[in-house]
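Chains, contacts and geometry: an overview
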Amino acid sequence: MQTRIIDGAALARRLRSELRDRAAELTARGYQPGLVAVRVGEDPASKVYVRTKMKASAEVGLHSEHVELPAATTETTLLERIAGFNRDPRIHGILVQLPLPPQISADNVLRAIAPEKDVDGFHPYNVGLLATGRPRFVPCTPAGVMAMLAAEEIALEGREAVVIGRSNIVGKPMAMLLLQKGATVTMCHSKTRDLAVHTSRADVLVAAVGRPNTVREEMIKPGAVVVDVGINRLPDGKLVGDVAFESALGKASHITPVPGGVGPMTVTMLMANTVLAAQLASESVS
Ligand code: NDP
């Protein structure tokens, strides 16, 4: 079987161009979508992520602000900054880059973001909307995966979907979205007894673990769609996903590469959520 490699970077470019048009339209009506990214401390990966998000914001034509706070910042200070952005009419999306230093509770911080500006979709209110089938701001990585599956016209209704990983930011919302599309969803995690028993039934297999070679060729059902969310850096500096990519070629019908698969789509969905937030803000006053 010829495996189709899903080009997330190309789809991301296409969607960003559409978002640029929507952002320009909102800007013309006085609602330029605005995103603020807040980073606390010096985590090198967080710096790269925030830089990538700011670059994408500029590309789409958003008003963007980048706030860098020292590692010793108190939770009270951070909460005050968030309260300020909650009130700021130029800002439609607030993103606090995780992880946060140990003296700050990520839970408290994520709850402090106004739900209508929660473009990461992590606030319990938005999680609740998703869980009850009325999604508004969906976490960016699973939203990006769904956009890729839709662009590839992959049918989900009645199919077996298996998600490996149950984090709040990827695995759980991913499973909810697949469920809403009518898939029969199984969630696997570190306590799952025999991972291969589950994965080998999957028509759609999503790996979001953070461990190279978690999914090997013998664990994939012939013709399955394999989505690799994982990002792992090998000792030689190479970036790989959770799936043994080369061995999956010829077995899967579709696969997402790492890099160039889910990653660019995640950032694009952040842009989409910010444009949506600005649009909702414009509608709430019109
Ligand atoms: P977490 O560490 O929060 O979650 C990992 C999940 O994998 C947990 O649910 C854990 O189970 C499960 N797990 C760990 N080991 C195994 C195993 N041996 N078998 C089955 N399940 C296992 O990670 P995230 O969800 O935040 O991220 C997952 C991966 O996706 C990471 O590589 C991350 O870098 C990447 N990522 C990529 C993004 C992108 O844009 N492409 C965006 C976000 C994340 P348990 O709950 O039992 O501990």
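Residues numbered from 1 in each chain as written. Predicted model: local features only at pLDDT ≥ 70, side-chain atom pairs only at ≥ 80, totals over all residues. Heavy atoms only, no water.

Turning to the overall build of the protein chain, a few remarks are in order. Of the regular secondary structure elements, the protein chain holds ten helices and eleven strands. Computed over its C-alpha atoms, the radius of gyration of the protein chain comes to 19 Å, within 12% of the 19 Å expected for a compact globule of 286 residues. Seen through its C-alpha atoms, the protein chain measures out along the principal axes to roughly 50 × 40 × 35 Å. Going through the 286 residues of the protein chain one by one, you find that 49% of them count as buried. The long-range share in the protein chain, meaning contacts at least 24 apart out of those at least 6 apart in sequence, stands at 70%. A total of about 13,300 Å² of accessible surface is found on the protein chain, and carbon and sulfur atoms cover 54% of it. (Helix = DSSP H or I, 4+ residues; strand = E, 2+ residues; numbered from the N terminus. Rg over C-alpha atoms; globule rule 2.2 N^0.38 Å. Buried < 20%, exposed > 50% of the residue type's maximum accessible area, 1.4 Å probe, protein only. Contact = heavy atoms within 4.5 Å. Areas by Shrake-Rupley, 256 points an atom, 1.4 Å probe, with all protein chains shown as cover.)

So, on to the site of the ligand. Taken together, 19 residues lie near the ligand, and Arg166, Ser167, Ser190, Ile231 and Thr266 sit nearest. His189 is positioned with one of its backbone polar atoms (N or O) 3.5 Å from a nitrogen atom of the ligand. One nitrogen or oxygen atom from the side chain of Thr266 is found 2.7 Å from an oxygen atom belonging to the ligand. Protein contacts shield 70% of the accessible area of the ligand, which totals 920 Å² for the unbound molecule. The element best represented in the shell around the ligand is helix 10 (residues 262-285), accounting for three residues. The class makeup of the residues in the shell around the ligand is eight nonpolar, nine polar and two charged. (Near = heavy atom within 4 Å. Polar contact = N/O pair within 3.5 Å; in protein donor to acceptor, adjacent residues only side chain to side chain. Nonpolar A, V, L, I, M, F, W, Y, C, P; charged D, E, K, R; others polar.)

Splitting the protein chain by domain gives domain 1 (31-115) and domain 2 (140-263). Taking only C-alpha atoms, the centre of domain 1 and the centre of domain 2 are 29 Å apart. (Domains from an automatic or database assignment.)

Helix length check: helix 1 (residues 8-28) (21 residues) gives 30 Å between terminal C-alpha atoms against 30 Å at 1.5 Å per residue, within 8%. Residues of helix 1 that are buried include every one of Gly8, Leu11, Ala12, Arg16, Leu19, Ala23 and Leu26, and no others. One face of helix 1 carries all of its buried residues, which in axial projection span an arc of 130°. Away from its buried face by more than 90 degrees, helix 1 exposes Arg13, Arg14, Asp21, Glu25 and Ala28. (Expected span 1.5 Å × (residues − 1). Arc of directions from axis to C-beta.)

Between helix 1 and helix 2 (residues 44-60), whose axes approach to 8 Å, the crossing angle comes to 60°. Taken together, the axes of helix 1 and helix 2 are oblique relative to one another. Along the contact surface, helix 1 presents Arg16, Leu19, Arg20 and Ala23, while helix 2 presents Ala56, Glu59 and Val60. Taken together, the residues of the contact of helix 1 with helix 2 break down into four nonpolar, no polar and three charged. (Axes fitted to C-alpha atoms, helices over the stretch in contact; angles between N-to-C directions. Parallel < 35°, antiparallel > 145°, perpendicular 65-115°, else oblique.)

This part covers unusual backbone geometry. Pro99 follows Leu98 through a cis peptide bond whose omega is 5°. Tracing the sequence through the fold places Pro99 in the loop between strand 4 (93-96) and helix 4 (106-112). For the peptide bond that leads from Val258 to Pro259, omega is 0°, which places it in the cis range. Position of Pro259 relative to the elements: it lies in the loop between strand 11 (254-255) and helix 10.

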